[in-house]
Amino acid sequence: SEGNVEQQQQQDQPTTYRVGLLGARGYVGRELLQLLDMHSNFNVEVCVSRSLNDVPVTSMLPDAKNIRHVKFTSAGSDDPKKLKELYGNQVDVWVLAMPNNVAEPFVKELQSESQLLIDLSADYRFDDTWTYGLPERQGGRDKIRGANLVSNPGCYATGAQVALMPLADSNLLQQAQVFGVSGYSGAGTSPS
């Protein structure tokens, strides 16, 4: 029937998510903005940065196409309650691309059943209430798909785990040592 065809067409169309990014000016935030700009299922609605306000995203990403209209805002960058008040209804997915040990007050304020939180820092990687976001692991995509809180394993952890998975899955791995050296991407935008 006509109703079933319309319903099937709605199911076949991908969902578009409204994204709010905290820590948008940093190295990880910038890389994420480039990826989101190329993805048709994400609309970047809010780019929060402590140091940039009312500056077009194109000042940092001149080749941006889909996010050309977006401007950085500092409103709510230091006040999670204000951030939620200003932008809470405009966002489906909050991505926290902030330094380690900074996310907690934002998570407490922004956490809800209707919004997805993704933390790209190390703050929630070992918290059992968060889903460890490693889709390469068997069953990982399904766990992430149903989660409201997703922690990012980080580049070193992802590289090490993906490299060791075939050995671990074959019960050939008893112990492993991984050595990594960080360049400028690990330091963020401020030398440390």
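Here, the structure is the one placed above.
Just so it is clear, the structure is predicted and the values come from calculations on it, not from any experiment.

(A) Up close: the overall build of the protein. Each helix and strand in the protein was counted, giving 7 helices and 7 strands. Going residue by residue from the N terminus, the α and β elements of the protein occur as α-β-α-β-β-α-β-α-β-β-α-β-α-α. Per-residue burial for the protein yields a buried fraction of 31% across its 192 residues. As presented, the protein carries roughly 12,300 Å² of accessible surface, and 48% of it is formed by carbon and sulfur atoms.

(B) Structural detail: helix 6 (residues 155–169). Its 15 residues give helix 6 an end-to-end C-alpha distance of 21 Å, which sits within 8% of 21 Å, the value for a rise of 1.5 Å per residue. Approximately 35° is the largest bend angle found in helix 6, and it occurs at Ala163, with the proline Pro166 only one to four residues beyond. Positive backbone phi, approximately 55°, marks Asn171, located one or two places after helix 6.

(C) Structural context of unusual backbone geometry. Phi angles above zero are rare outside glycine, and Asp54 is one such case at about 60°. The residue Asp54 is located in the loop between strand 2 (42–48) and strand 3 (72–73) in this model. Of note in this structure, Asn171 is not a glycine but carries a positive phi near 55°. Relative to the helices and strands, Asn171 is located in the loop between helix 6 and helix 7 (184–187).

(D) Highlighting the side chain of Thr131. Within the fold, Thr131 resides in strand 6 (residues 131–132). The residues touching Thr131, leaving out its near neighbours within four places in the chain, are Lys143, Ile144, Ala147, Leu149, Val150 and Ser151.

(E) Region of the structure containing the environment of Gly76. Mapping Gly76 onto the fold places it in the loop between strand 3 and helix 3 (80–87). Using a relative accessible area of 6% as the deciding quantity, one classes Gly76 as buried. When the C-alpha positions of Gly76 and Phe106 are compared, they lie 9.9 Å apart, and in sequence the two are 30 residues distant. Those residues in contact with Gly76, other than ones at most four positions away along the chain, are Lys82, Leu83 and Phe106.

(F) Structural detail: the pattern of salt bridges. Within this structure, the stated rule accounts for 5 salt bridges. In this structure, the salt-bridge partner of Lys71 is Asp54, at a minimum N-O distance of 3.7 Å. You can see Lys71 sitting in the loop between strand 2 and strand 3 and its partner Asp54 sitting in the loop between strand 2 and strand 3, a full 17 residues away along the chain. Here Glu104 ties to Lys108 by a salt bridge, and the two come within 3.2 Å at their closest N and O atoms. In this pair, Glu104 and Lys108 both sit in helix 4 (residues 104–110), 4 residues apart, roughly one turn of the helix. Its relative accessible area of 61% is what places Lys108 among the exposed residues.

(G) Summary view of the nonpolar core. By size, the foremost hydrophobic cluster in this structure holds 18 residues, and its most contacted members are Leu21, Leu33, Val44, Cys47, Val57, Ile67 and Phe72. Sorting the residues of this core by element identifies strand 1 (17–22), helix 2 (27–38), strand 2 and strand 4 (93–96) as the ones contributing at least two each. By residue number, the principal contributor to this core is helix 2, which donates 3 residues. Those residues in contact with Leu33 that lie beyond four places of it in its chain are Leu21, Ala24, Val44, Cys47, Val57, Met60, Leu61, Ile67 and Phe72. Formed by 17 residues, the second largest nonpolar core is a distinct cluster that contains Val46, Val91, Met98 and Tyr124.

(H) Region of the structure containing the sheet that holds strand 5 (residues 116–119). If you trace the 7 strands from one edge of the open sheet to the other, you get 3-2-1-4-5-7-6, paired in parallel fashion. Bordering the open sheet on either side are strand 3 and strand 6, each of which pairs with just one other strand. Where strand 1 lies against strand 4, 4 bridges are found, and the strand directions are parallel. Along strand 4, the bridge assignment pairs Gly20 with Trp94.

The rules we used
Residues numbered from 1 in each chain as written. Predicted model: local features only at pLDDT ≥ 70, side-chain atom pairs only at ≥ 80, totals over all residues. Heavy atoms only, no water. Helix = DSSP H or I, 4+ residues; strand = E, 2+ residues; numbered from the N terminus. Buried < 20%, exposed > 50% of the residue type's maximum accessible area, 1.4 Å probe, protein only. Areas by Shrake-Rupley, 256 points an atom, 1.4 Å probe, with all protein chains shown as cover. Expected span 1.5 Å × (residues − 1). Bend = angle between axes of the 7 residues up to and from the residue. Contact = heavy atoms within 4.5 Å. Salt bridge = Lys/Arg side-chain N within 4 Å of Asp/Glu carboxyl O. Core = buried A, V, L, I, M, F, W, Y, C linked by side-chain atoms within 4.5 Å. Pairing = 2+ DSSP bridges.

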